[in-house]
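# Summary of the model geometry
The chain contents come next:
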Amino acid sequence: MSVVGANYSYWITIVLMVGGMYILIARGNLLKKLLGLAVLQSSVYLLYIAPGKLIGGTAPIIAEGYAVYSNPLPHVLILTAIVVGVATLALGLAIVVRIREAYGSIEEEEILARDRADDDEAR
Amino acid sequence: MLEHLAALIVVVPLVAAPLIVLVRSRRFAWIATTAASYLSLLFSVQLFWRVATLGPVSYAIGSWAPPWGIEYRVDALSSFVLVAVSLTASFVAPYAQRSIAREVARDRQYLMYAMYCLCLSGLLGIAITGDAFNLFVFLEISSLASYVLVALGPRRQSLMAAYQYMLMGTVGATFYVIGVGLLYLMTGTLNLADMAQRLPGVPDVRPVLVALAFITVGIGLKLALFPLHQWLPNAYAYAPSMATAFLAATATKVSVYVLLRFYFGVFDPARLFEHLPTREVFVALSLAAMVAASLVAVFEQDVKRLFAYSSVAQIGYITLGIGVDNQASLTGSIVHLLNHGVTKGAIFLLLGGVALRAGAAAVRLETLAGLGRRMPLTALGLALAGLSLVGVPGTAGFITKWYLVVGALERGWWWVVAAILASSLIALAYVWRVLEAAYLRPPAASAARGEAPAPMLAAGMAMTALCVYFGFETSFSAGGAADAAALLLRGLR
């Protein structure tokens, strides 16, 4: 029980990480792949944030009556990582929009089949 | 002013990018890009000289003392990489104007320059920062910018290439940041030097090993370590010429630098190489890259793809030096960051000129027919840089192979020397196919004659000249690399 109970945040992290990777690899739809990527990145947010929080800990402001502080640094780091994640997702969605305009599809198989057809024509 | 060089080298291109987007003028964009590139070259040469004479430079961002604040740290290795990156930038920037004018839609050209400046800023930042998380941020700045550079390519395949590059690159960066997170949990610090000091005292090694695995695979994706190179051929083949030249010469090389910094500067190299199969893994993957990717290149019809596969093989040489792990082989690895950058940069710059004259987005082997008569200087440049890829004496590529062979012989690994020779022969085969098309096939009747526009030709030829120059005069290239290798083997202290 202690393996699961005390470290349950790590188990959630692992589930998100593996789930995200699975969606990324197994799905052929370009949009779903991006969602998998977003899930994978969220697992990192949890990996950083969860250990920084101590039960009963407060913000690290020295004051009478407070002895246990939570570490604020992971929050700052993950704020940055979230910004990076948002930028990546935005860029990814923009590229998918352009791909749909150019190919009329967002299914990987169909797009690659069209590229192969183009290559054969060029030959 | 002088003491702020370490910050300015990143800040100048970083500020140039939003300025370019605000002004929206193509002319201003080009001038700002060129100025930022030359300033970064000036700053990095200055830093290289300072490090060589006075020792490592440490700069506390915002005056927050390390290890609490972010430290920019320039030592023999990072200053070498800074010079290699900004040197490439200083050739690509003057080339960019004509090339971008031809390949990118008019209303998007200024964005291309902005992305190039961001990419440059990110790459320089990776090389200069001494903070693991700051490194991640710069890694993503440069990567996101390079996805856009690829996506701005002239064909619709560029979009798909950029998408795949983005997926694999982001997985790589996420793995890296997972690794850093585990290291942070175990050591409580993000400063690389501080982390190295605290790691031996960590009681539980398993999270550290997991961090090592995540960082190796993550950075392996970014540097296109075989078999994680799947994104590279399409990204290089379909990107605009100037982006291909810049990314091929710098992006993967800077990722190798990250790997070197973690392997020798954070993890304990003695433990890494003696107790873990690091050496075996790197030598095996590198040899596979050198042979398999070169063989694919031999059968490729698209010339940009051909040289992209050649890049995968050449990255194999760089990682081979890490696997052999001694002074000579590491010198070979580090000097190849520069030598291969110069060689591939020259080739892709010249191919950009060929594509422009041919009026086609794709350069196929048939496109090159009769190039020796139609564009004699470009053909000569391709021939010289091609010989440097093969590693003919008198070219930069030879210097690399010399150090790698010496390193392998010191270990008594004859079979590695045999593999280097075999890979060089296969390289000769694919370079020969290009030269055969250029010199022995008659030009098509419809093919345009005349060299590429002067600034493009000059940039390509100047870089070709560097391939030959670094084949003879090695006091900067191999000398700087040897200093960096010695520093690595001392554990970056």
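This is a predicted model, so every value here is computed, not measured.

### Details of the overall build of chain B
A count of helices and strands for chain B gives 20 helices and two strands. Considering only C-alpha atoms, chain B reaches an extent of 75 × 55 × 40 Å along its principal axes. Here chain B, with 493 residues, has 65% of them falling under the buried criterion. Look at the contacts in chain B between residues 6 or more apart in sequence, and 80% of them connect residues 24 or more apart.

### Quick look at the overall build of chain A
The helix and strand inventory of chain A stands at five helices and zero strands. For chain A, the α and β elements follow one another from N to C terminus as α-α-α-α-α. Compactness check: chain A gives a C-alpha radius of gyration of 21 Å against a globular reference of 14 Å for 123 residues, more than 25% above the reference. Overall, chain A is about 75 × 35 × 20 Å in size when its C-alpha atoms are taken along their principal axes. Buried residues in chain A amount to 23% of all 123 residues. Long-range pairs, those at least 24 residues apart, make up 46% of the contacts in chain A between residues at least 6 apart in sequence.

### Thoughts on the interface of chain B and chain A
Taken together, the 21 residues of chain B in the interface contact 25 residues of chain A. Listed by contribution, the elements that provide at least two residues to the side of chain B that touches chain A are α5 (132–151) and α6 (157–187) of chain B. It is α6(B) that provides the largest number of residues to the side of chain B that touches chain A, a total of 13 residues. Class assignment for the residues of the side of chain B that touches chain A results in 15 nonpolar, four polar and two charged.

### Structural notes on the packing of α6(B) against helix α9 (residues 231–238) of chain B
Residue and element names in this part refer to chain B. One way to put it is that α6 packs onto α9 with a least axis distance of 8 Å and a crossing angle of 140 degrees. On the basis of the axis angle, α6 is oblique to α9. Seen from above, α6 lies across α9 with left-handed handedness. Touching Q157, S158, A161, Q164, Y165, M168 and G169 of α6 are W231, N234, A235 and Y238, all from α9. A class-by-class count of the residues in the contact of α6 with α9 yields six nonpolar, five polar and no charged.

### Considerations on helix α12 (residues 278–298) of chain B
Residue and element names in this part refer to chain B. Between its terminal C-alpha atoms α12 stretches 30 Å, which fits the 30 Å expected from 21 residues at 1.5 Å a residue. All of the buried residues along α12 are T278, F282, V283, S286, L287, A289, M290, A293, S294 and A297. If you follow the buried residues of α12, they end up packed against α11 (269–274), α13 (303–324) and α18 (414–439).

### A closer look at the nonpolar core
Residues and elements named next belong to chain B. Residues L149 and V150 are the most contacted members of the largest nonpolar core, which totals 226 residues. The dominant element in this core, judged by the number of residues it contributes, is α6, at 20 residues. The contact partners of L149, leaving out residues within four places of it in the chain, are M115, Y116, C119, A239, A243 and L247.

### Some remarks on the confidence of the model for chain A
Within chain A, residue pLDDT values average 87, and 94% of them lie at 70 or more. Within chain A, helix α1 (residues 2–5) of chain A has the poorest average pLDDT of any element, 62, and helix α4 (residues 73–103) of chain A the best, 93.

### Let's talk about the packing of helix α3 (residues 76–103) of chain B against helix α19 (residues 454–472) of chain B
All names here are of chain B. Contact geometry of α3 with α19 gives a least axis separation of 8 Å together with a crossing angle of 150 degrees. Between α3 and α19, the angle is such that the two are roughly antiparallel. Considering how the two elements wind past one another, α3 and α19 form a crossing that is left-handed. Across the interface between the two elements, F91, P94, Y95, Q97, R98 and S99 from α3 touch P455, M456, A459, A462 and M463 from α19. Counted by class, the contact of α3 with α19 contains eight nonpolar, two polar and one charged residues.

### Overview of the confidence of the model for chain B
Low pLDDT means the predicted coordinates in that region are not meant to be read closely. Residue and element names in this part refer to chain B. Considering every residue of chain B, the mean pLDDT works out to 91; 99% of them sit at 70 or more. The element-level mean pLDDT for chain B is lowest in α11, coming to 83, with α5 highest at 95. Here the predicted complex carries an ipTM of 0.93, next to a pTM of 0.94.

### Brief notes about the environment of B:V468
Residue and element names in this part refer to chain B. For V468, the position within the fold is in helix α19. Using a count of 18 C-beta atoms within 10 Å as the deciding quantity, one classes V468 as partly exposed. Between the C-alpha atom of V468 and that of L384, which follows or precedes it by 84 residues, the distance is 7.7 Å. Discounting residues that sit within four places of it in the chain, V468 has contacts with L384, G394 and T395.

### Section: the environment of B:F348
Its place among the elements puts B:F348 in helix α14 (residues 327–358). The residues contacting B:F348, other than those within four sequence positions of it, are B:S241, B:T244, B:A245, B:A248 and B:F307.

### Remarks on helix α17 (residues 396–411) of chain B
It helps to recall that an α-helix has 3.6 residues per turn; residues three or four apart then point in one direction. The end-to-end C-alpha distance of α17(B), which contains 16 residues, comes to 24 Å, matching closely the 22 Å that a straight helix rising 1.5 Å per residue would cover. For α17(B), the secondary structure elements touched by its buried residues are α13, α14, α16 (376–390), α18, α19 and α20 (477–489) of chain B.

### Here's the deal with unusual backbone geometry
Residue and element names in this part refer to chain B. Residues P66 and P67 are joined by a peptide bond in cis, for which omega reads 5 degrees. Within the secondary structure, P67 sits in the loop between β1 (57–60) and β2 (71–74). Following F226, the chain continues into P227 via a peptide bond in cis, with omega recorded as 0 degrees. Looking at the secondary structure, you find P227 in the loop between α8 (206–222) and α9. Phi is positive for R24, close to 60 degrees, though the residue is something other than glycine.

Here is what the cut-offs are and how they apply
- Residues numbered from 1 in each chain as written.
- Chains lettered and ligands numbered in written order.
- Predicted model: local features only at pLDDT ≥ 70, side-chain atom pairs only at ≥ 80, totals over all residues.
- Helix = DSSP H or I, 4+ residues; strand = E, 2+ residues; numbered from the N terminus.
- Buried ≥ 20, exposed ≤ 12 C-beta atoms within 10 Å, placed from the backbone.
- Contact = placed C-beta atoms within 7 Å.
- Rg over C-alpha atoms; globule rule 2.2 N^0.38 Å.
- Nonpolar A, V, L, I, M, F, W, Y, C, P; charged D, E, K, R; others polar.
- Axes fitted to C-alpha atoms, helices over the stretch in contact; angles between N-to-C directions.
- Parallel < 35°, antiparallel > 145°, perpendicular 65-115°, else oblique.
- Left-handed = near helix turned anticlockwise from the far one by under 90°.
- Expected span 1.5 Å × (residues − 1).
- Core = buried A, V, L, I, M, F, W, Y, C linked by C-beta atoms within 7 Å.
- pLDDT = per-residue confidence, 0-100.

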